[in-house]
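# Descriptive analysis of the structure
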Amino acid sequence: MKLAQVVVDKASPAYDKPYDYLLPDSIPARAGCRVLVPFGAGSRSRIAMVLEIREGEAPARAKAVAALLDPEPLLSEEGLWLLRLLHDTTFCGWFDAVRALVVPGAGMKLELGITPVRGLDPEALALLPPDARRLYEILCARRGAVLEQRALAAAGLSADAPALAELLERGFAKREQLVRKRIVDERAVMARLLEGYGEHPHTEKQQKIVELLEQVGCASVRELCYFTGVTRAVVDRMRKSGMVELYEELTPRRASPRTAGPTDTGPICLSPSQQAAFDLLSKVGRSPKAEVSLLHGVTGSGKTQVFLRLIEETLSRGRAALVLIPEISLTPQTVSKFSARFGSLVAVLHSSLSMTERFDEWQRIRGGAARIVVGTRSAVMAPLENIGLIVIDEEQEHTYHSESAPRYHARDIAKHRAVRHRAHLLLCSATPSIESYYYALSGKYHLACLPERYSGNLLPEVLTVDMKTAPLAAGSQTLSEELCEQLRETFERREQAILLLNRRGYHTLVKCSSCGEVYRCPNCSIPLTYHAANRRMICHYCGHSVPADAPCPSCKSAMLRQTGVGTQRVEEELHALFPDARVLRMDMDTTMSRFAHERGFGAFSRGEYDLMIGTQMVAKGLDFPNVTLVGVLAADQSLYAEDFRGYERTFSLITQVVGRCGRGDKPGRAVIQTFDPENRILTLAAAQDYRAFYQEEIGYRRVGLYPPFCDIACVVFSSVEEAEAVRAARDYASRFVELAREQYSGLPLRLLGPAECSPYRVAGRYRCRLLVKCRGDRSTRSLFAGLFEWYYAQRFAAALTLDFYYDSNV
Ligand SMILES: Nc1ncnc2c1ncn2[C@@H]1O[C@H](COP(=O)(O)OP(=O)(O)OP(=O)(O)O)[C@@H](O)[C@H]1O
Ligand SMILES: [Zn+2]
Ligand SMILES: [Zn+2]
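Residues numbered from 1 in each chain as written. Chains lettered and ligands numbered in written order. Predicted model: local features only at pLDDT ≥ 70, side-chain atom pairs only at ≥ 80, totals over all residues. Heavy atoms only, no water.

### Digging into the overall build of the chain
Of regular secondary structure, the chain possesses 23 helices and 33 strands. Put simply, the chain has 810 residues, and 52% of those count as buried. Within the chain, contacts between residues separated by at least 24 positions form 75% of all contacts whose residues are at least 6 apart in sequence. About 36,100 Å² of surface is accessible on the chain, with carbon and sulfur atoms providing 51% of the total. (Helix = DSSP H or I, 4+ residues; strand = E, 2+ residues; numbered from the N terminus. Buried < 20%, exposed > 50% of the residue type's maximum accessible area, 1.4 Å probe, protein only. Contact = heavy atoms within 4.5 Å. Areas by Shrake-Rupley, 256 points an atom, 1.4 Å probe, with all protein chains shown as cover.)

In structure tokens form, the structure reads like this:
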């Protein structure tokens, strides 16, 4: 008896596990294919992923697989292995993992459709209320099943109108499930049935198409062939005999800016220190085992050139390369470097691609046409084969950690894949994570260094301005005289400047001038931010907004005064101070549209602006040779995060932004404005002394027991009911202590909390947190798995959610 072990989409957590189904001989499913299976109450069809097919005894009351959805496996053997890895290490739902591995263009979903029951007694029809009758007539006028929402909309009825329930109850219509495949063809040739199709004699194959079209109304020819298993010729014959008509539907699509052939084909010449780093790394890359290296190079040292050479070498050995970059805003520059050198061998994957583009790229990777994949976090799952090199640029960036399920860290997945492929994993950064540097020093990683800039320039000279005493520029509340003087000189020399302000909006706080109350979001425990563009106060967590002239919520006084600064405010001050300077603002508000980054950075690099001001997206990775001044406003901002990585992040941010200037042939200078000039982190970042920062920080991590000396698991409970979140966190904590004592007594574990998250309330939900310091081994995972099982058996209120983050260190 053939059995298919499957995991099922939309299974509730308590039932989310592999199940065995009988696999009839008529269904040629393989591991990695999706199938339809009867599941749950009423045995409705659900989409499922086949993990494994084997011969075995059928379990009692086993059900059978109902249909095959993918004739070719969607997940390769490695894909299935990654699926298990994601599930077992991040404790996500099985289908969360499937979705992380499968490109959305290949996704499908089940939807509810309704079909009318035809040929009923006209008298019975006449007795229906008018709404129900209209709906019934609309259903009858269409072929096959109609999506519920669509039918209701066509009848002008709301979703809760009784008409639909009436039709269903009285047997005038049936509900049925439709599988909708969401493949997006570039230019889809669509097919639909023509009037009178039933009168033509037709073959069995043609009957299959008729049935499918009766069900879905229309479908692309590709989908028709795919689902029915017939060839295109069958459809063509039906067109000739007048049963179906074919028509073209254009899905809008952006021409990819990728150049076809490489435009930069000359040899990559390396400086002596780049050459030395390359020689070391290339030797590591030839090792028959998986290896990890850290390339630690100061800002502007040319790390990109070094790994471009490594990629070239990897390709010449017939192996593929995967390159991860932290943020989409950095993509245009990096991608153009790659396509210039490798042309269409490069595939690009990031989250702001359209479905079609992503699906195209995914197919080029799977088909082997693309041998280099460049992308953000999720690209680490790319179905690339025979990987020889994985590069993670700016490896310390938190964007490599996924904030929704599956909550994986790209670096962890990359490590596992490197082992599987016996590949070389190369981590690059000017400010590596403390963990990576620790491993590099301890010999677990290979370490290559680029101690000086490619241009031969020194690192920028840094001036720290104490905002408690320094004079402000005339008419400004945010810019010191010193910074303005530097800006003036830079503009006079026709050079460019970058200003970093780590907050968006105009003024951050909105305060009542009579009672002093700060205007807070009613759903979240954080203050609202004023945005001049639409004159509203907005919550950056949940999007809640109120008009700027709303009265004070506690005293109803209309007097609301704003304090603090944001990018818009600084932009206005700059316009007043430097009326001739061309200022480009880059923050989340100005770059919402898909191509805004490309346009903005492109214009800046062509010299169309003198000054770029923005949030952290202007701080990292960018390479503009004409930038000679960097200013940091409110440098202390991110120092006070409660997270243990707060210092690391601040150090990195400041070092990186300072590193944006003086990269060409002219020296750079940076001005850091702060209220806390004595602060150690700031002083170290100003000196750009990574080694000294590391020495301090690693001592603190060792004493406080933080990574790399342990792993950290974070369990967050949230609910609209405060008491519920608190109780769940407490119960979980006591269950944890019990289990740890009874079954895992030898494990090194430390439980902290429950404590309130910061902010405590987001989008109306209260959030409580437990921290567990632990060691990332099998027993620890089994302890957490046991706790999950316990949790789902507790029948906590459905509105309560548990989020689990595991912060492992490579
Ligand atoms: N071997 C080389 N040949 C020609 N140009 C080079 C070479 N190495 C570096 N450069 C140039 O030096 C500049 C800095 O290089 P790159 O952007 O790779 O630095 P980086 O180490 O990635 O810096 P950061 O960490 O600050 O992003 C770039 O303009 C790059 O083109
Ligand atoms: Zn007030
Ligand atoms: Zn809010």
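### Points about the site of ligand 1
In the vicinity of ligand 1 there are 18 residues, among which Cys269, Lys303, Thr304, Asp623 and Arg663 approach most closely. Within the side chain of Lys303, an N or O atom sits 2.6 Å from an oxygen atom of ligand 1. Separating an oxygen atom of ligand 1 from a side-chain N or O atom of Asp623 is a distance of 2.4 Å. Contact with the protein chains hides 84% of the accessible area of ligand 1, taken as 640 Å² for the molecule alone. Top contributing element to the shell around ligand 1 by residue count: helix 11 (residues 303–316), with three residues. (Near = heavy atom within 4 Å. Polar contact = N/O pair within 3.5 Å; in protein donor to acceptor, adjacent residues only side chain to side chain.)

### Description of the pattern of salt bridges
Applying the stated criterion to the full structure yields 32 salt bridges. Among the salt bridges present, the one from Arg232 reaches Asp236, with a minimum N-O distance of 3.6 Å. You can see Arg232 and its partner Asp236 sitting in helix 9 (residues 232–240), four residues apart, about one turn around the helix. The exposure class assigned to Arg232 is partly exposed, which follows from its relative accessible area of 39%. The class of Asp236 is partly exposed, set by a relative accessible area of 22%. Close ionic contact of Arg735 with Glu738 constitutes a salt bridge, the shortest N to O distance being 2.5 Å. Of this pair, Arg735 and Glu738 both sit in helix 22 (residues 722–742), three residues apart, roughly one helical turn. Residues joined in a network through salt bridges with shared partners are Glu435, Arg645, Glu648, Glu697 and Arg701. (Salt bridge = Lys/Arg side-chain N within 4 Å of Asp/Glu carboxyl O.)

### Focus: the packing of helix 19 (residues 646–658) against helix 20 (residues 680–687)
Following both chains from N to C, one finds helix 19 and helix 20 inclined at 30°, their axes separated by 9 Å at the closest point. Taken as a pair, helix 19 and helix 20 cross one another with a handedness that is right-handed. When helix 19 is examined against helix 20, the residues Tyr647, Thr650, Phe651, Ile654 and Thr655 are found in contact with a partner set consisting of Ile681, Leu682, Leu684 and Ala685. Of the residues belonging to the contact of helix 19 with helix 20, the class tally is seven nonpolar, two polar and no charged. (Axes fitted to C-alpha atoms, helices over the stretch in contact; angles between N-to-C directions. Left-handed = near helix turned anticlockwise from the far one by under 90°. Nonpolar A, V, L, I, M, F, W, Y, C, P; charged D, E, K, R; others polar.)

### Quick word on helix 1 (residues 77–90)
Spanning 14 residues, helix 1 covers 20 Å between terminal C-alpha atoms, matching the ideal 20 Å at 1.5 Å per step. Residues of helix 1 that are buried: Glu78, Gly79, Leu80, Leu82, Leu83, Leu85, Leu86, His87 and Thr90. Each element contacted by the buried residues of helix 1 is listed here: strand 4 (44–55), helix 2 (94–101), helix 14 (410–421) and strand 33 (801–807). Directly after helix 1, the chain includes Phe91, whose backbone phi takes a positive value near 60°. (Expected span 1.5 Å × (residues − 1).)

### Observations concerning the side chain of Glu648
Relative to the assigned elements, Glu648 resides in helix 19. By relative accessible area, Glu648 is classed as buried at 8%. Once residues within four sequence positions are removed from consideration, Glu648 is found in contact with Gln396, Ser433, Ile434, Glu435, Phe693 and Arg701.

### Topic: helix 4 (residues 130–141)
Along its 12 residues, helix 4 runs 17 Å from first to last C-alpha, staying within 8% of the 16 Å computed at 1.5 Å per residue. Where helix 4 is concerned, the buried positions are Ala132, Leu135, Tyr136, Ile138 and Leu139. Take helix 4 and look down its axis: the buried residues cluster within an arc of 160°, on one side only. Away from its buried face, by an angle of more than 90 degrees, helix 4 presents the exposed residues Pro130, Glu137 and Ala141. (Arc of directions from axis to C-beta.)

### Topic: the nonpolar core
The nonpolar side chains of soluble globular proteins are, as a tendency, buried together. Of all hydrophobic cores here, the largest spans 87 residues; its most connected members are Leu83, Ile365, Val373, Val380, Ile413, Leu425 and Met612. With sequence-adjacent residues up to four places away left out, Met612 is seen in contact with Ala497, Ile498, Leu499, Leu584, Met586, Phe601, Phe604, Val618, Leu622 and Phe624. Counting 31 residues, the second-largest nonpolar core is a separate cluster that includes Leu739, Cys774, Leu783 and Leu802. (Core = buried A, V, L, I, M, F, W, Y, C linked by side-chain atoms within 4.5 Å.)

### Considering the packing of aromatic side chains
On inspection of all chains with the given rule, the structure shows 30 aromatic pairs. Consider the rings of Phe717 and Tyr791, whose centres lie 6.2 Å apart with planes at 50°: the pair is tilted. Here Tyr791 lies in helix 23 (residues 778–793) and Phe717 lies in strand 30 (residues 711–719), a separation of 74 residues in the sequence. For the residue pair Phe717 and Tyr791, the accessibility class agrees, reading buried in each case. For the ring pair Phe788 and Phe804, a centre distance of 5.4 Å and an interplane angle of 65° mean the geometry is edge-to-face. Of this pair, Phe788 sits in helix 23 while Phe804 sits in strand 33, and the two are 16 residues apart along the sequence. One exposure class covers both Phe788 and Phe804, and it is buried. Grouping aromatic residues by their ring pairs yields a cluster made of Phe91, Phe717, Tyr732, Phe736, Phe784, Phe788, Trp790, Tyr791, Tyr792, Phe804 and Tyr806. The ring of Phe278 is capped by Arg309, whose NZ or CZ atom sits 4.3 Å from the centre of that ring. (Phe/Tyr/Trp six-rings, centres within 6.5 Å; stacked < 30°, edge-to-face > 60°. Lys NZ or Arg CZ within 6 Å of the ring centre and 35° of its normal.)

### Topic: the side chain of Ser436
Within the secondary structure, Ser436 sits in helix 15 (residues 434–442). Residue Ser436 is classed as buried on the basis of its relative accessible area, which comes to 0%. Within the local environment of Ser436, its side chain forms a polar contact with the side chain of Glu395, the two groups lying 3.0 Å apart.

### Some words on unusual backbone geometry
Residue Pro708 is reached from Pro707 by a cis peptide bond, and omega for that bond is 10°. The phi dihedral of Arg494 falls on the positive side, at around 60°, and the residue is not glycine. Examined against the element boundaries, Arg494 turns out to sit in the loop between helix 16 (481–492) and strand 20 (496–501).

### Looking at the sheet that holds strand 14 (residues 346–349)
With parallel pairing, the seven strands of this open sheet are ordered in space as 14-15-13-16-17-12-18. Edge positions in the open sheet fall to strand 14 and strand 18 (446–450), since each of these has one partner strand only. For this sheet the average axis-to-axis angle between neighbouring strands, irrespective of direction, equals 15°. Note that strand 13 (residues 320–324) and strand 15 (residues 372–375) share four bridges and pair parallel. Across the sheet, the residue bridging to Leu322 is Val373, located in strand 15. Across the sheet, helix 10 (residues 272–285) touches strand 12 (291–297), strand 17 (424–429) and strand 18, and the angle it forms with strand 18 is around 165°. Where helix 15 meets the sheet, it contacts strand 12, strand 17 and strand 18, and its direction lies at approximately 110° from that of strand 12. (Pairing = 2+ DSSP bridges.)

Don't take any of this as a statement about function, it's just geometry.
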